[in-house]
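The chain contents come next:
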Amino acid sequence: MNDPAPEIVVCADLETCVERAARRIVSAASTAIGARGRFAIALAGGSTPEPLYESLGDSPGRDALDWSRVEVFWGDERCVPPDHPDSNYRMARAALLDAVPIPPERIHRIRGEEPDPEYAADLYERELHRELSSSPRDTPRLDLVLLGLGTDGHTASLFPESEALEEKDRLVAAVKASTPTLQPPVVERVTLTPPAINAADEVLFLVAGEEKAPAVEAVLEGPREPRRWPAQAIDPGPGRLAWLVDAGAARSLSDLHAPEGREP
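Cut-offs used in this document
- Residues numbered from 1 in each chain as written.
- Predicted model: local features only at pLDDT ≥ 70, side-chain atom pairs only at ≥ 80, totals over all residues.
- Heavy atoms only, no water.
- Helix = DSSP H or I, 4+ residues; strand = E, 2+ residues; numbered from the N terminus.
- Polar contact = N/O pair within 3.5 Å; in protein donor to acceptor, adjacent residues only side chain to side chain.
- Contact = heavy atoms within 4.5 Å.
- Pairing = 2+ DSSP bridges.
- Axes fitted to C-alpha atoms, helices over the stretch in contact; angles between N-to-C directions.
- Buried < 20%, exposed > 50% of the residue type's maximum accessible area, 1.4 Å probe, protein only.

1. Focus on the side chain of Asp 201
By the element assignment, Asp 201 lies in the loop between α6 (194–198) and β8 (202–207). Looking at Asp 201, its side chain comes within polar contact range of the side chain of Arg 36, at 3.4 Å. Within the structure, the side chain of Asp 201 is placed 2.6 Å from the side chain of Arg 141, a separation counted as a polar contact. If we skip the residues at most four places from it in the chain, Asp 201 touches Arg 36, Arg 141, Leu 142, Asp 143, Gly 239 and Arg 240.

See below:
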């Protein structure tokens, strides 16, 4: 990864990771709203961020944000209807969005129910431009992208050997994920690409569980092989890159990157 090196904070448990993540999101939102009048965040799917969303939806997290100025996007979505149990949108709505006073027009979901995933990807790219670009040639810039990490090193829906990892121009791609860790083993998804994620002001990984330890070590301390470990493709350049990792997921890490960021 390019300099500056990512910030790595190892927390005792997921609860502590969630507390820190919530504080970071509130701080980033306050800064963005003060500077630009709005805060644009892309949410992650999966089980790990769910308690974070619940925390932000409860007091005092709910009261710490001006939700009328928050624009909510997603890093990826499965090609399912919004009420499907596997929908990232459905999880975020149940855990967070139904609990906060956010205007419906500020919720920008990926339309996974579209019959053609390529069309859904095109729709979402156009929405990103419409909401976040000052001109058609500008790259839409999210204030914060929240990401997770799979045991195979994938993040968002950027999987090992995916052609989307090589994307230079498109901001959103339709992908087919084929991996034994998924059920069903082959699924269609729509995902932000590295150019979209890397344009963000801040990218925050939230990772928990001992089963993630080999992937965390490979991504952060192994050789650069983004086609094998897709999370290595996330490098926001002038933006901030931070990892909040619980003790189980961090058990194989050395203090190579940021020993001052570690917690006992």
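2. Notes on the sheet that holds β8
The strand order across the open sheet formed by six strands is β1-β9-β8-β5-β2-β3, and the pairing between neighbours is parallel. The sheet terminates laterally at β1 (7–11) and β3 (70–74), the two strands that pair on one side only. Across the sheet, the mean angle from the axis of one strand to that of its neighbour is 20 degrees, orientation sign disregarded. Note that strand β2 (residues 39–43) and strand β5 (residues 144–147) share two bridges and pair parallel.

3. Structural notes on the pairing of β1
Across the five residues that make up β1, a large majority, four, are buried. Note that β1 and strand β9 (residues 240–246) share five bridges and pair parallel. By the bridge assignment, Glu 7 is partnered in β9 with Ala 242.

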